[in-house]
Amino acid sequence: MPEAKITIRDLYLRYSDGKEALKHISLDIQPNAITVVFGPAGGGKSSLLKVLNRLIDLSDVEEMSGEVRMGKLDILERGLDVVGLRRRIGVVFSRPIPLPLTIFQNISFGLEVAGMRDKDELRARVEKALKQAVLWEEIYDRLDDPAASLSGGQQQRLCLARVLALEPEVIMLDEPTSALDPVSTAKIEEFLQEAKKDYTILLAPHNQQQAARMSDYAAFFLQGELVEYAGGSDMFMNPKDKRSQDYVQGRFG
């Protein structure tokens, strides 16, 4: 197995309301693969994603300990440049939050903040990202329209394009297709399968069918505990832990 892209060791997270969101998690996230994190609501999936690009800093955390590294980078280091980290580890959430700008500016904004000034280069990167997010054909003649004029499904793909434009190393997606129709969902899934050649992808899918379809590796979370981690086909065809078996076979959740 190749060297892990992200290494998580003994990660513990407790919110100020007393909820233990992550209970001593250890997990290796493999490069150039899709790792699915799945399980019932409240299992810790979203908390894990927020830790990985330090959006957890915006939450009311009582205690966090353990080690999270990407290569030599200590992701939990207090003085870390979190803006730089979020360029390397991008995230798309289930509810799209476009910026109150035009469609074009929604994608160019992050590039300009990162120092890109060449207008031709900006336009090329915006077009490439919109094509990757399966949105270009629908909106190429509307780039100066407000992003808020897009449908919910289009806004979701716009948020994906915004992340892709920064060319991160890791893409995290939290229920990214929950607002999309089946055709758009299939296109995004096809893109992700292609994109893993260039990216490490961490996916919290919105249903188990998508988890089974998309996973190279799968991690089952239950009430803050990492119950089982395995190759995708092993997890969904032959899980080892009874709790994983019960969930995969639809006995609870």
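To be clear, the structure that these remarks concern was listed above.
These notes cover the structure that comes with them. Since we're looking at a predicted model, the values are computed, not measured.

## Overview of the overall build of the protein
So, point 1. What the protein contains, in helices and strands, is 10 helices and 10 strands.
So, point 2. Principal-axis analysis of the C-alpha atoms gives the protein an extent of 55 × 40 × 40 Å.
So, point 3. Each of the 253 residues in the protein was classed as buried or not, and the buried ones make up 51%.
So, point 4. Long-range contacts, defined as pairs at least 24 residues apart, comprise 65% of the intrachain contacts of the protein with a sequence gap of at least 6.
So, point 5. Of the roughly 12200 Å² that the protein leaves accessible, carbon and sulfur atoms contribute 48%.
So, point 6. Measuring between centres, the 32 positive side-chain charges of the protein sit 1 Å from its 38 negative side-chain charges.

## Concerning empty space enclosed by the protein
So, point 1. Taken as a whole, this structure holds one cavity of 30 Å³ or more when the rule is applied.
So, point 2. The space that makes up the largest cavity amounts to roughly 40 Å³.
So, point 3. What lines the largest cavity is simply Val 92, Gln 156, Arg 157, Leu 160, Leu 173, Pro 176, Thr 177, Leu 180 and Ile 188.
So, point 4. A total of three residues in the lining of the largest cavity trace back to one element, the largest contributor, which is helix 6 (residues 152–165).
So, point 5. Residues that form the lining of the largest cavity fall into these classes: six nonpolar, two polar and one charged.

## As for the packing of helix 3 (residues 103–113) against helix 6
So, point 1. Running from N to C, helix 3 and helix 6 point in directions that differ by 30°, and their axes come no closer than 8 Å. What the angle tells us is that helix 3 and helix 6 run roughly parallel. Where helix 3 crosses over helix 6, the handedness of that crossing is right-handed. Residues Ile 103, Asn 106, Ile 107 and Leu 111 of helix 3 lie in contact with helix 6, whose contacting residues are Leu 158, Ala 161, Arg 162 and Ala 165.
So, point 2. Here the contact of helix 3 with helix 6 is built from residues that sort into six nonpolar, one polar and one charged.

## Examining the pattern of salt bridges
So, point 1. According to the stated counting rule, one finds 17 salt bridges in the structure shown.
So, point 2. The closest approach of N and O atoms between Arg 69 and Glu 67, which form a salt bridge, is 2.8 Å.
So, point 3. Arg 69 sits in the partly exposed class, given a relative accessible area of 29%.
So, point 4. Across the pair Lys 242 and Asp 246 runs a salt bridge whose closest N-O atoms are separated by 2.9 Å. Taken together, the residues Lys 242 and Asp 246, both in helix 10 (residues 242–248) and four residues apart, mark about one turn of the helix.

## A word on helix 3
So, point 1. Regarding helix 3, the residues found buried are Ile 103, Phe 104, Asn 106, Ile 107, Ser 108 and Leu 111.
So, point 2. Close packing links the buried residues of helix 3 with helix 4 (119–132), helix 5 (136–139) and helix 6.
So, point 3. Immediately beyond the C-terminal end of helix 3, within one or two residues, lies Gly 115, with a positive phi of roughly 110°.

## With respect to unusual backbone geometry
So, point 1. Although it is not a glycine, Asn 32 adopts a positive phi angle of roughly 50°.
So, point 2. Among the structural elements, Asn 32 can be located in the loop between strand 2 (20–29) and strand 3 (34–38).
So, point 3. Asn 32 sits in the partly exposed class, given a relative accessible area of 41%.
So, point 4. Unusually for a residue other than glycine, Glu 175 sits at a positive phi of about 50°.
So, point 5. Taking the relative accessible area as the measure of exposure, Glu 175 reaches 29% and is therefore partly exposed.

Rules behind the numbers
Chains are numbered independently. Their residues run from 1 in the order of the written sequence. Since the coordinates come from a predicted model, pLDDT governs what is reported: local features require at least 70, and pairs of side-chain atoms require 80 or more to be given and counted, while whole-chain, interface and lining totals use all residues. With hydrogens and water set aside, each side-chain value is computed from the structure's full complement of heavy atoms. Here a helix means four or more residues in a row that DSSP labels H or I, a strand means two or more in a row labelled E, and each is numbered from the N terminus. When accessible area is computed with a 1.4 Å probe and restricted to protein chains, residues below 20% of their type maximum are described as buried, those above 50% as exposed, and intermediate ones as partly exposed. Between two residues, a contact is recorded if the distance between any of their heavy atoms is within 4.5 Å. The Shrake-Rupley method, run with a 1.4 Å probe sphere, supplies the accessible areas, and residue values consider only the shown protein chains as cover. Positive charge is attributed to Lys and Arg, negative charge to Asp and Glu, and no charge count is given to His or to the chain ends. Note that the charge is assigned to NZ on lysines, CZ on arginines, CG on aspartates and CD on glutamates. A cavity here means a set of points on a 1 Å grid, drawn over the protein atoms and nothing else, where a 1.4 Å probe fits but cannot get out; a pocket is an open set with protein on both sides within 12 Å along at least five of seven lines, and a residue lines either one if it has an atom within 4 Å of a point. Grid points are joined across faces, edges and corners, and a volume is the space filled by probe spheres set on the points. Under the scheme applied, nonpolar residues are Ala, Val, Leu, Ile, Met, Phe, Trp, Tyr, Cys and Pro; charged residues are Asp, Glu, Lys and Arg; polar residues are all the others, including Gly. Lines fitted to the C-alpha atoms define the axes, with helices restricted to the stretch that makes contact. Angles between their N-to-C directions range from 0 to 180 degrees. Put simply, angles under 35 degrees are roughly parallel, angles over 145 are roughly antiparallel, angles from 65 to 115 are roughly perpendicular, and the rest are oblique. Working rule for handedness: look at the near helix, and if it is turned counterclockwise from the far one by less than a right angle, call the crossing left-handed; if clockwise, right-handed. The working definition used for a salt bridge is a side-chain nitrogen of Lys or Arg within 4 Å of a carboxyl oxygen of Asp or Glu.

All quantities given are derived from atomic positions and should not be read as evidence of function.
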